[in-house]
Every structure is written in structure tokens, then in C-alpha cells.
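Listed below are the residues making up each chain.
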Amino acid sequence: MAATQVVRSEWTKIRSVASTVWTLSLAVVVTVALGMLISALSRSQFDRMPVRERLSFDPTFVSFAGMTLGQLAMIVFGVLVVSNEYSTGMIRTSLAAVPQRGTFLFSKIAVATGLALVIGMVTSFAAFFLGQSVLGSLRTEIGEPGVLRAVIGGGLYMTLIAMFSMGVATMLRSPMLSLGILMPFFFLISNILANVDATKRIGRFLPDQAGSRIMQVVPRVDDDTPYGPWGGLGIMVLWVIASLVGGYLALRNRDA
Amino acid sequence: MIELEGLSKRYGEKVAVSSLTFTVRPGIVTGFLGPNGAGKSTTMRMMLGLDRPTAGDVRIDGRHYADLKDPLKYIGALLDAKAVHGGRSAYNHLLCLAQSNGIPNSRVHEVLDTVGLSAVAKKKAKGFSLGMGQRLGIAGALLGDPRILMFDEPVNGLDPEGIHWIRNLMKSLAAQGRTVFVSSHLMSEMALTAEHLVVIGQGRLLADTSMAEFIRQNSRAYVRIRTPQRERLLDVLHGAGITVVETGSGALEVDAGKPERIGELAAQHQIVLHELSPQQASLEEAFMQLTAESVEYHAHSDTALPHQWGDGWERG
């Protein structure tokens, strides 16, 4: 079983279903549009902000504000790529064609990740440039220190969120169960855990909290985060690896 | 050729398949028969490496399924016609399967043509009728031009024309020397297509025999009699040493009796007969009887037969 054959097959699968197109276009549109909206609001409200916030105003990070919602579309993409196989029963046909389950799973994840990376980068660069265009005098430039890193990091962040979702969906199989856990977790619970004092120390090590550090250029005034931008992304990568290993072990040992 | 050896599958306490040992030979259609829930689909999933056996082994042409390079070129299977992503077109569904096994794209068009789906190749599978879905599944099984084909309940949901088509397809595949293994819960369907028969009930092997042999052994011949003078006839037949079974419908049945002899006896004693007819129990009845008495038959099923076939198949 040549892995290239399976990769080609997975590419055919991913490009031939509508959910790929709508989840990924939603990710781009929502992230960019919401980022522009919040950038525009920030510009008009800037003079009324408290001094602390004005001092640590991060035009790069503000233009990525749409990602809190846009990442949900990436989660749906990641979940559907995997769980579509289960919800349709296609998994049995697929595994009969490719009985090497590791090859099957990692070819699928490689193809979906490649696509997510392209879309993530497009989203991130579009969100940055369009966000800056409405920030007016508050804008920053791509050449400023740390900005390019943050923009590339934004693309990586979206890719990693999709990968993490693929691993979880492989473990859980059901699309509803996977989405029902991942969406509220990343949209609400993780934010709460990372901002409430009692849980802050642990909450900031959650995948999205750690990973999103790479998109910040100007640190907060009282920033005491114990990791830097790349350290945060590294923590997120560890989460992704754990999720994919879990998915692989589940798939390997389970009856299809 | 498919060889099963002591294949077993347990789900917790429940035994789905219990040490099945049989061989599916090339060149003929082998019917895999059993009532619903007998373990047919579980057995087939284990053959394809989808479910892991609790014990025992399956080999495809001497190898484990997972060790086959490009397995679709060895064995094609229709397990579940609905095992398709409904949002994908028939063409793309087959294309992704073909690509995963290094099968050329041109073959996709060929099999679509074979199953008669060329006209709807670009249509999404969710719009397909059950019959069309079944044809798409069969197209997938034929894709790699495999030597072994496996169909799980292929005629389910098909119209008469489709059923006819499937029967002929299976026969012609076997005639080309391929191994054809087809499951069904309908004896009548098997009688029309299969030359060899493997019967299971409650996960156990009940019979592994040629269809002709199965028919010979299991179809009970008897004579049915109707008469208004029931008691007198019973006396006469008893007197002649003939065993009579009284059925609920008021008729009498004589096993292995000769209608001539019974007719002559009735005439001698001037008994009026309304019916005197030789009957053959249907295969369906024989099958139901077999599966109902699964334990008793299990004891007989391990006898000499498997070795005979082992010698026989290589000729074909």
C-alpha cells in the first residue's frame, strides 16, 4: 500500500464533498469580517479606552479578533473530515480498501492539514491586512518586530485547531458528540478557565489559550504568562500530538 | 479462495460467531445462509479485517487481509449499500477507492458501465434508490477486477429486474473462475444461484455442503391425504404398518409412502379420498428446520466433508 495512493484518494474524498467548501469558506469569511468589525470599533473607541488598555493596544492581535468565532468553522471542518466516514458508514468501505489503519488515518489527516494550512494562512494574512486597513492611525506594519511571526502564527493556530479536532473526532466517531464537546469548550469554557483567577494557572495551558499567544505582538501590561509565543505554540502542538495519538490508538484497536 | 479456521467473535458475554471453519472455493457461487442475526455479517466483516476475531483466523489466498497489497485487486466486497458518503457523486466515490489501490481511472468508467450507472455517475449518492445504491456497491466490489467477490445480502431491496441481473452477474463471475461468496437469509434465493452452501445459525456452522446434497438430504418427501373417512383410513394404514402424521389442517401425511399403495389400500376398503398427492417439503422449510435444530445439526457438521472439498477445488 503506497501512501501516495492513499493521499491521492483522500484528496479526492475531501474535494468531492460540500462540507469542505462551506466550512473553510466560513472560516475565512467569519474571521476576516469579524476582525475588520472589531478593528473598526477599536479605532472609534480608542480615545475612550482606559490608559492601561491604550498602552498595551495590540493592532495585530485586534485584527485577529475574528478567530474566536472563525476557529469554530475550522473545528467543524476537522470534525467532519473524520466523522463523515463514520456517520455515513463509509469507514467500512474505506478500511476494506486501505486495511493499514495508520496509513489511512495519517493520509487523511495529512491531506486535511495541508488544506487547513493553506486556508489558515490565507485567512490570517487577509485578516491582518484588512484589519490594519480599517485601524487607521492605530495600524501597524508587517515589517514591525514580531508582526510577521504573529501573522504566520495565526495561520498555524487555525491549522492546529483543525488537527486537534480531527484527533478528537477519530476518538469519538460521532460528529454531534465531537462538535458538542469541542465547540462549547473552545468558545466558552477555555476562555473562562483561563481568565478566572482560581483556574488561570491551569487554564492558560489549554491548547487554544497557549496557541493564541503567538498572535500577540504587544504584551499586556501585567503579563505574567510563563511561556513565550513559540513556547505557547509548542504547548498547543503537544495537545495536537496527544489527540492524534489517541485517535490512532482508538482506530487501530477498534472494530470498524 | 477464502479459508476460515476456528473463527470466533464474542461481544462481552454474547457469542456472535463460534469457531467457524470452512473454505470458500473458486469457480462456484458459495451461498452463506443463516437467519437474521446468525452472524453472517460479522463473519464477513472479520474476513475483510474490519472486525478483529476473538479467536481463529481468516486467510485470503493464504494471506491475512491486512497483508494484501492493494486488497481491492484480490477481493471485492459489497457489505452495506449505504456505506457511502451521500454527498459524493458515484464517480468520485469509486474514484477515491480506485486511487487508494492504484487502479486506473478508466476502470471507474468501466464498472459504472457494467452496473448501469453511467448516466448518473455525476449525481450525488444520497439521491440514489436502494437498488442504485446496491449497484454502486457492486461497482465498488468489481473495481479492482478481483478474483474473490463477496456480497452481503445483495438482492435486498432490488426490483425483480435487479435481482435477475445480480443472479446472472454472480453466476458469470463464478463461471470466469472467480470465488463468489454471497450471503442471504432466503433459502429460495440461494437455491437459484449457489452451487455450494454454508449454513450458520447462532454463529455456529450447521452445514457445509453442495446445494444438490443439501436438497437431497433436507427435502422431505411425503404423501398428503385428505379424506372424509379419516378414522377408517387411519385404522387401515396402521393395519398395513404405515405411519401417519395428522396435521393441524385436517390432512394426513405419510412420510416416504408410495401414493399407489395408499390408493390401493383405500380402494380395497372403499374409503373415499379427496386428495392423494406426493409432496416435496420446500427448501425454505428444510432450512428453517435446520436452523431451528442448530445444536443437533452442529454435531454432524464436522464430518468428513471439508477434506473432500480441499481436494476438489484445485481442479477448478
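The model shown is predicted, which means the values in this text are computed figures rather than measured ones.

(A) Quick peek at the overall build of chain A. Helix and strand counts for chain A stand at 12 helices and 0 strands. For chain A, the N- to C-terminal ordering of α and β elements is α-α-α-α-α-α-α-α-α-α-α-α. Taken against the 2.2 N^0.38 rule, which gives 18 Å for 256 residues, the C-alpha radius of gyration of chain A at 19 Å falls within 12% of a compact globule. Taking the principal axes of its C-alpha atoms as reference, chain A extends roughly 65 × 40 × 30 Å. For chain A, buried positions account for 48% of its 256 residues. Considering only residue pairs separated by 6 or more positions, chain A has 82% of its internal contacts joining residues 24 or more positions apart.

(B) The arrangement of the packing of helix α2 (residues 18-45) of chain A against helix α5 (residues 67-88) of chain A in detail. All names here are of chain A. Two elements in contact, α2 and α5, have axes separated by 7 Å at closest approach and are oriented at 170°. If you check the angle between α2 and α5, you find them roughly antiparallel. Residue-level inspection shows Ser19, Thr23, Leu24, Leu26, Ala27, Val30, Thr31 and Leu34 of α2 in contact with α5, the latter providing Met67, Leu69, Gly70, Ala73, Met74, Val76, Phe77, Leu80 and Asn84. Taken together, the residues that form the contact of α2 with α5 break down as 12 nonpolar, 5 polar and no charged.

(C) Representation of the packing of helix α7 (residues 101-135) of chain A against helix α8 (residues 147-172) of chain A within the structure. Residues and elements named next belong to chain A. The N-to-C vectors of α7 and α8 enclose an angle of 145°; their axes lie 7 Å apart at closest approach. Where α7 crosses over α8, the handedness of that crossing is right-handed. Looking at the contact of α7 with α8 residue by residue, the classes come out as 15 nonpolar, 8 polar and no charged.

(D) Structural view of the interface of chain B and chain A. Opposite the 31 residues of chain B that make contact, chain A presents 25 residues. The dominant element in the side of chain B that touches chain A, judged by the number of residues it contributes, is helix α2 (residues 90-100) of chain B, at 6 residues. Of the residues in the side of chain B that touches chain A, the class split is 13 nonpolar, 11 polar and 7 charged.

(E) The pairing of strand β2 (residues 14-24) of chain B, seen in detail. Residue and element names in this part refer to chain B. With 7 bridges connecting them, strand β1 (residues 2-11) and β2 associate as antiparallel partners. Opposite Ile2, over in β2, you have Val24 as the bridge partner. A loop of 2 residues connects β1 with β2, the two strands running antiparallel in sequence, and Gly12 in this loop sits at a positive phi of about 65°.

(F) View of the confidence of the model for chain B. On average, residues of chain B score 87 in pLDDT, and 92% of them reach the 70 mark or higher. On the interface metric, ipTM, the complex scores 0.91, and its pTM is 0.85.

(G) Region of interest: the nonpolar core. Counting residues in each nonpolar core, the largest one holds 141 residues, and the members touching the most others are A:Phe77, B:Leu94 and B:Ala139. Setting aside residues up to four positions removed in sequence, B:Leu94 forms contacts with B:Val108, B:Val111, B:Leu112, B:Ala139, B:Gly140 and B:Leu143. Within the second largest apolar cluster, 9 residues are counted, among which are B:Val223, B:Ile225, B:Leu233 and B:Ala266.

(H) Quick look at the domain arrangement of chain B. Each assigned domain of chain B is listed with its residue range as follows: domain 1 (2-217) and domain 2 (220-289). The straight-line distance from the C-alpha centre of domain 1 of chain B to that of domain 2 of chain B is 44 Å.

(I) Layout of the sheet that holds β2(B). All names here are of chain B. Taken in spatial order, the 3 strands of this open sheet run β2-β1-β4, and their pairing is antiparallel. Either end of the sheet is taken by a strand with one partner, and the two such strands are β2 and β4 (55-60). This sheet shows a mean twist of 20° between the axes of neighbouring strands, independent of strand direction. By the bridge criterion, 5 bridges tie β1 to β4 in an arrangement that is antiparallel. Bridging across to β4, Glu3 finds its partner in Arg59.

(J) Molecular detail of helix α1 (residues 40-47) of chain B. Residues and elements named next belong to chain B. Among the 8 residues of α1, 7 are classified as buried, and the element is accordingly described as predominantly covered. Within α1, burial applies to Lys40, Thr42, Thr43, Met44, Arg45, Met46 and Met47. In the segment just after α1, Gly49 is the residue with positive phi, at about 70°.

(K) Expanded view of helix α9 (residues 175-195) of chain A. Residue and element names in this part refer to chain A. With 21 residues, α9 should reach 30 Å at 1.5 Å per residue; the first-to-last C-alpha distance of 29 Å fits that figure. Of all the bends in α9, the greatest measures close to 55° and is centred on Phe185. If you check which residues of α9 are buried, you get Ser178, Leu179, Leu182 and Phe186. At its buried positions, α9 is contacted by α5, α8 and α11 (207-211).

(L) Representation of the UniProt feature "transmembrane region" (unreviewed entry) in chain A in the model. Residue and element names in this part refer to chain A. Taking the numbering used here, the UniProt-annotated feature "transmembrane region" (unreviewed entry) corresponds to residues 21-41, 61-83, 104-130, 150-169, 176-194 and 230-251. In residues 61-83, the share of helix is 87% and the share of strand is 0%. The end C-alpha atoms are 32 Å apart. Segment residues 176-194 splits into 100% helix and 0% strand. End C-alpha atoms: 26 Å apart.

So, how was this worked out
Residues numbered from 1 in each chain as written. Chains lettered and ligands numbered in written order. Predicted model: local features only at pLDDT ≥ 70, side-chain atom pairs only at ≥ 80, totals over all residues. Helix = DSSP H or I, 4+ residues; strand = E, 2+ residues; numbered from the N terminus. Rg over C-alpha atoms; globule rule 2.2 N^0.38 Å. Buried ≥ 20, exposed ≤ 12 C-beta atoms within 10 Å, placed from the backbone. Contact = placed C-beta atoms within 7 Å. Axes fitted to C-alpha atoms, helices over the stretch in contact; angles between N-to-C directions. Parallel < 35°, antiparallel > 145°, perpendicular 65-115°, else oblique. Nonpolar A, V, L, I, M, F, W, Y, C, P; charged D, E, K, R; others polar. Left-handed = near helix turned anticlockwise from the far one by under 90°. Pairing = 2+ DSSP bridges. pLDDT = per-residue confidence, 0-100. Core = buried A, V, L, I, M, F, W, Y, C linked by C-beta atoms within 7 Å. Domains from an automatic or database assignment. Expected span 1.5 Å × (residues − 1). Bend = angle between axes of the 7 residues up to and from the residue. UniProt positions renumbered as here; feature names shortened; annotations may be inferred.

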